[in-house]
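# A closer look at the structure
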Amino acid sequence: MPLTEEQKIRYGRQLLSKYVDENKQEILLNSKVLQIGAGGLGSPCSMYLIAAGIGELTIVDNDTVDLSNLQRQILYGMSSINNVKVEEAKKRLTDMNPSANIITKKIYVDEKNIDELVKNKDYIIDCSDNAKTKFMVNDAAIRNNIKCTIAGIKDFFGQILSIDPGKSACYRCIFYDVPGETSSDTGPLPVIGVSPGVLGPLEATEVIKSLLGIGEPLYNQLLMVNLLDMSFTKIPVQRYENCLCSLSK
Ligand SMILES: [Zn+2]
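Each value, and the rule that gives it
- Residues numbered from 1 in each chain as written.
- Predicted model: local features only at pLDDT ≥ 70, side-chain atom pairs only at ≥ 80, totals over all residues.
- Helix = DSSP H or I, 4+ residues; strand = E, 2+ residues; numbered from the N terminus.
- Rg over C-alpha atoms; globule rule 2.2 N^0.38 Å.
- Buried ≥ 20, exposed ≤ 12 C-beta atoms within 10 Å, placed from the backbone.
- Contact = placed C-beta atoms within 7 Å.
- Pairing = 2+ DSSP bridges.
- Axes fitted to C-alpha atoms, helices over the stretch in contact; angles between N-to-C directions.
- Core = buried A, V, L, I, M, F, W, Y, C linked by C-beta atoms within 7 Å.
- Left-handed = near helix turned anticlockwise from the far one by under 90°.
- Nonpolar A, V, L, I, M, F, W, Y, C, P; charged D, E, K, R; others polar.

## Description of the overall build of the protein chain
Along the backbone of the protein chain there are 11 helices and 8 strands. Expected size for 249 residues packed as a compact globule is a radius of gyration near 18 Å; at 17 Å, the protein chain falls within 12% of this value. The principal-axis extents of the C-alpha atoms in the protein chain amount to approximately 55 × 40 × 40 Å. In the protein chain, which comprises 249 residues, the proportion classed as buried is 40%. For the protein chain, the share of sequence-separated contacts (at least 6 apart) that also reach a separation of at least 24 residues comes to 67%.

Okay, structure coming up:
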């Protein structure tokens, strides 16, 4: 379907890019993306995806908004306090782009429901705040052969990796398994709000590039971000032959 006049205006500035034409915009409009988490990473990630015209975004999060979230979770304001995050997110994102189909799931993602959640999705983004979920997202992406991006943040630092199942190194190839101590054991991690503010949009960028087949996604490269000294370092990584992502092929 050709773009409507309204769409040509709304997406006009990105349609000026030599990397995005009307056909590519239609790919975004027809894409179904699953985002795990609607917190610090998930806020800007979802906002940029919906602003760019991703047609369907499913957001999974089981939390309500707390005053302590507002320092970094920019989807929310004072009027959101105590309300369900995914519902507040849907309100904000729908206001931004009413034609987007935003599907909300107020649940904890777990081993039992993740395969159903990823079904028929074109891309999965991990915006969770814990290692256990990141491994679970990685494994589901591998099992179901869906590309994904996983990011993490702490303090002024972040890391991000994209995965092309069966082709590039997965999260488990690099980190092997959930560390013995998880954030739930050690309490909340320190976070400067700008860290998810940088890493979340980097995740959205990876989604857009991958869906459009342009640029070089972070396959086999772990990008380490240090906002204290402003270094962005790509560390080459490779598939581990005994990893689940190799054995399952
Ligand atoms: Zn692997």
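## Describing the sheet that holds strand β8 (residues 231–236)
Here 8 strands make up an open sheet; going across it, the order is β3-β2-β1-β4-β5-β6-β7-β8 and the pairing mixed. With one partner strand each, in any of the chains shown, β3 (101–105) and β8 form the two edges of the open sheet. Pairwise comparison of adjacent strand axes, ignoring direction, gives a mean angle of 15 degrees for this sheet. As defined by bridge partners, strand β1 (residues 32–36) adjoins strand β2 (residues 56–60) across 5 bridges and the pair is classed as parallel. Bridge pairing links Ile 36 to Val 60 in β2. Sitting on the sheet, helix α5 (residues 85–96) touches β2 and β3, and the angle it makes with β3 is about 170 degrees. Along the sheet face, helix α7 (residues 131–144) touches β1, β4 (123–126), β5 (148–154) and β6 (157–163) and points at about 170 degrees away from the line of β5.

## Topic: the pairing of β8
With 0 of 6 residues buried, β8 is to be regarded as a mostly surface element. With 6 bridges joining them, strand β7 (residues 221–226) and β8 adopt antiparallel strand pairing. Paired with Gln 221 across the two strands is Pro 236, which belongs to β8. Between β7 and β8, which pair antiparallel in sequence order, lie 4 residues; one of them, Met 230, sits at a positive phi of approximately 60 degrees.

## Side note on the nonpolar core
Ranked by size, the top nonpolar core spans 55 residues in total, and within it Leu 49 and Ile 125 carry the most contacts. Dropping the residues within four chain positions of it, Ile 125 is found in contact with Val 33, Gln 35, Ile 36, Cys 45, Cys 148, Thr 149, Glu 203 and Val 207.

## Describing the environment of Cys 243
Relative to the elements of secondary structure, Cys 243 occurs in the loop between β8 and α11 (244–247). For the pair Cys 243 and Ile 160, spaced 83 residues apart in the sequence, the C-alpha separation amounts to 19 Å.

## Observations concerning the packing of helix α3 (residues 22–29) against helix α10 (residues 194–212)
To characterise two packed helices, one gives the angle between the axes of the helices and the distance between these axes. The contact between α3 and α10 brings their axes to 9 Å, and the two run at 120 degrees. Seen along the crossing, α3 lies across α10 with a hand that is right-handed. Taken together, the residues of α10 that come into contact with α3 (itself represented by Lys 24, Ile 27 and Leu 28) are Ile 208, Leu 211 and Leu 212. Within the contact of α3 with α10, the residues separate by chemical class into 5 nonpolar, no polar and 1 charged.

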